[in-house]
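# Chains, contacts and geometry: an overview
Below, each chain spelled out in residue letters.
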Amino acid sequence: MQLMPVSLAYFLEVARTGAVTEAAQNLRVAPSAVSRQIAKLESGIGVALFVRHPRGMTLTDAGSRLLAHARRSEAESSALVTELRTGSGAEVRNVTVACSEGFARRLVPHAMAVFRQDHPDVTFRLDRVPHQEATRRVAEGVADIAVTYAMAPRHDVRVECSVVVPMAAVVPPGHPLAGRERAGLAELCEYPLALPPAGTTHRDLFDIGVHMEGLTARPALVCDALAPKYEFVRSRGGIALVGDLGDLRSDPVAEGFAYVRLDHPVFRHREAQVQTMLGRRLPWAATQFTTLLVSLLHPSGPQD
């Protein structure tokens, strides 16, 4: 059910698709109806919201600012409809979290289990997505919270917490590096490596660090998922790189591998962040869960 004005809803769809025709198809109305509503909105505000191109439309600065408002309105309208239908008042008990895989492996589901011990009526949805997609989903109101990595300041979302997370090498028990507190890049490059593909934050930083040191890395496995890399290490195929999200406290005998901190300043350029939508008033459950996530990520708080 749509609570936003028709003109704003049509504007939002054109902004999403970049084209009147595609927006009209999604809305199941005539393109002329969409064009009229956009023209009416621009006339009422007194500024152009789109730059018209032969093959599409892009937002003006004013359009971008209105888009942020429309996304907040859409998210809050959706939450209100849920409240009215369920009779739950101000306490919406559904929380959607988008996070990159490192956070989805342990930290976020652990936080969800802890939260539900005190609030068993809260239902979580966890979407594991690439780090840029997690941020996009929060910026557009698709997710309530994002837990992800960033390598630059964010202005399209509210950053609730930003923490530099150390990198670690995952090694099998008995490996020459096992039991070490720290290791350098040169030592890692002596062994076969399981690495993520280029374009991921810690692979890009790893490549920069290797280049800075004049080293040559030997990727034995390139994979964008964590589970295969952990099994590769467990089977003694090589060693892998991961973010230290509390895993260094795990039992290496029980898990089949151990962790060694990776010592290089290049990795300080990546931050773990908890993100929410700019200007949006989150429902109670999402607000409380955000607070818990911040406490788990913050250096002064627990890490597992």
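These lines cover the structure that appears in this document, whether it is placed above or below. Bear in mind that the values here come from a model prediction, so they are computed numbers and not experimental data.

Moving on, we get to helix α3 (residues 31–45). Over its 15 residues, α3 extends 21 Å from the first C-alpha to the last, a length consistent with the 21 Å expected when each residue adds 1.5 Å. Of all the positions in α3, only Ala33, Val34, Gln37, Ile38, Leu41 and Glu42 are classed as buried. All buried residues of α3 project into a common sector of 170 degrees when viewed along the axis, lining one side. Residues of α3 that are exposed and point more than 90 degrees away from the buried face comprise Arg36, Lys40 and Ser43. Just downstream of α3, Gly46 is the residue with a positive phi angle, here 95 degrees.

Right, let's talk about the sheet that holds strand β11 (residues 239–243) for a bit. Spatially, β8-β12-β7-β11-β9-β10 is the arrangement adopted by the six strands of the open sheet, whose pairing is mixed. Looking at the sheet topology across the chains shown, the edges are occupied by β8 (182–183) and β10 (219–222). Pairing between strand β9 (residues 193–195) and β10: three bridges, direction parallel. Looking at the pairing, Ala194 lines up with Leu221 of β10. Contacting β7 (167–171), β9, β10 and β11, helix α9 (residues 201–213) crosses the sheet at an angle of about 130 degrees to β9.

Another point: the packing of helix α2 (residues 20–27) against α3. Put simply, α2 and α3 touch, their axes get as near as 8 Å, and they point 110 degrees apart. Between α2 and α3, the crossing angle belongs to the class labelled roughly perpendicular. Between α2 and α3, the contacting residues are Val20, Ala24 and Leu27 on the first element and Pro31, Val34 and Ser35 on the second. Looking at the contact of α2 with α3, its residues break down into five nonpolar, one polar and no charged.

So, how was this worked out
Residues numbered from 1 in each chain as written. Predicted model: local features only at pLDDT ≥ 70, side-chain atom pairs only at ≥ 80, totals over all residues. Heavy atoms only, no water. Helix = DSSP H or I, 4+ residues; strand = E, 2+ residues; numbered from the N terminus. Expected span 1.5 Å × (residues − 1). Buried < 20%, exposed > 50% of the residue type's maximum accessible area, 1.4 Å probe, protein only. Arc of directions from axis to C-beta. Pairing = 2+ DSSP bridges. Contact = heavy atoms within 4.5 Å. Axes fitted to C-alpha atoms, helices over the stretch in contact; angles between N-to-C directions. Parallel < 35°, antiparallel > 145°, perpendicular 65-115°, else oblique. Nonpolar A, V, L, I, M, F, W, Y, C, P; charged D, E, K, R; others polar.

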